[in-house]
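# Architecture at a glance
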Amino acid sequence: MRKLTYFVAASIDGFIGAPDGDGDFFNQYLDEEFIGFLKTEYPETLPTQAHALFGLDGFEKRHFDVIVQGRRSYQVALDVGITSPYAHLRQLVASRGIGESPDPAVEIVSDDLVGRVRELKEEDGAGIYLCGGSQLAGELLDEIDELVIKTYPVVLGSGMPMFASGFRLTDFALESVRTFGSGALVRKYGRKR
């Protein structure tokens, strides 16, 4: 059974972006050490267009073969004319506003996202990369099996929370922590079921 992993960048205080969703300020922590980690440990989380830049052509997938992203995350690529930002993965975009997919390689999921993710989890294959979206993560919280949180050494005070959901306790167990010279760290948690 596939795992659904929420692989996300966050501030120390748990925000994944400014109130409007912008998270470009996190890029200042993407130094050589951190990019080396991503290339080695999570290469499939980098957009296809970045592969040549980072020398990743022909890499082997380590964790994921499917990506589920929200409309806002997908819109970032569309705004620069890219309709298939993760062409190396099977791509699903959760959106009620996009009627027809602008690319045959991108499946639009407009209703019953939870049901669609459950179907994906039942299939054979590597894991499912949940890429961004506070609303999306809140909607899929019960389905998330693993958290990989890239925490950057900055406090935002307010903004887009990691999960847009009501109050409830959901237990995860810390599995690993990796620290970086920039002050960033990557924590991995497994769902307690």
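Only a predicted model underlies this, so the values are computations on that prediction, with no experimental measurement involved.

### Quick notes on the overall build of the chain
Each helix and strand counted, the chain has four helices and ten strands in total. Helices (α) and strands (β) of the chain occur, in sequence order from the N terminus, as β-β-α-β-α-β-β-α-β-α-β-β-β-β. Taken over C-alpha atoms, the radius of gyration comes to 16 Å for the chain, in line with the 16 Å a tight globule of 193 residues would show. Structurally, the chain occupies a C-alpha span of about 45 × 40 × 35 Å along its principal axes. Here the chain, with 193 residues, has 46% of them falling under the buried criterion. Looking at the chain alone, contacts between residues at least 24 apart form 68% of all its contacts between residues at least 6 apart. Carbon together with sulfur atoms contributes 50% to the accessible area of the chain, which is approximately 9,700 Å² in total. With 20 positive and 29 negative side-chain charges, the chain shows a separation of 4 Å between the mean positions of the two kinds.

### Some words on the nonpolar core
Counting residues in hydrophobic clusters, the biggest one holds 25 residues, and the most contacted among them are Y6, V68, L113 and L130. At the level of secondary structure, the elements contributing two or more residues to this core comprise β1 (4-11), β3 (64-70), β4 (90-94), α3 (113-122), β6 (127-131), α4 (134-139) and β7 (146-152). A total of four residues in this core trace back to one element, the largest contributor, which is β1. When sequence neighbours within four positions are dropped, the list of residues in contact with L113 reads V68, A94, L136, E139 and L140.

### As for the pattern of salt bridges
All told, the structure shown has 13 salt bridges when counted by the stated rule. Taking the shortest distance from any N to any O, the salt bridge between E123 and R2 comes out at 2.9 Å. Of this pair, E123 sits in the loop between α3 and β6 while R2 is found in the segment before β1, placing the two residues 121 residues apart along the sequence. With relative accessibility at 5%, the residue R2 sits in the buried group. The residue K188 makes a salt bridge to E146 at a minimum N-O spacing of 3.6 Å. Taken together, the residues span a long stretch of sequence, with K188 in strand β10 (residues 185-191) and E146 in strand β7 at a distance of 42 residues. Taken together, the shared-partner salt bridges in this structure form one network comprising R118, K121, E143, D145 and R193.

### What to know about the packing of aromatic side chains
Within the structure shown, the criterion is met by 14 aromatic pairs. For the ring pair F25 and F26, a centre distance of 4.7 Å and an interplane angle of 65° mean the geometry is edge-to-face. Assessed through its relative accessible area of 27%, F25 is described here as partly exposed. With relative accessibility at 5%, the residue F26 sits in the buried group. Aromatic pair Y29 and Y152: ring centres 5.5 Å apart, planes at 15°, arrangement stacked. Of this pair, Y29 sits in the loop between β2 (15-17) and α1 (32-41) while Y152 sits in strand β7, placing them 123 residues apart in sequence. As far as the burial class goes, Y29 and Y152 line up, both buried.

Procedures and definitions
- Residues numbered from 1 in each chain as written.
- Predicted model: local features only at pLDDT ≥ 70, side-chain atom pairs only at ≥ 80, totals over all residues.
- Heavy atoms only, no water.
- Helix = DSSP H or I, 4+ residues; strand = E, 2+ residues; numbered from the N terminus.
- Rg over C-alpha atoms; globule rule 2.2 N^0.38 Å.
- Buried < 20%, exposed > 50% of the residue type's maximum accessible area, 1.4 Å probe, protein only.
- Contact = heavy atoms within 4.5 Å.
- Areas by Shrake-Rupley, 256 points an atom, 1.4 Å probe, with all protein chains shown as cover.
- Lys, Arg positive; Asp, Glu negative; His and termini not counted.
- Charge placed at Lys NZ, Arg CZ, Asp CG, Glu CD.
- Core = buried A, V, L, I, M, F, W, Y, C linked by side-chain atoms within 4.5 Å.
- Salt bridge = Lys/Arg side-chain N within 4 Å of Asp/Glu carboxyl O.
- Phe/Tyr/Trp six-rings, centres within 6.5 Å; stacked < 30°, edge-to-face > 60°.

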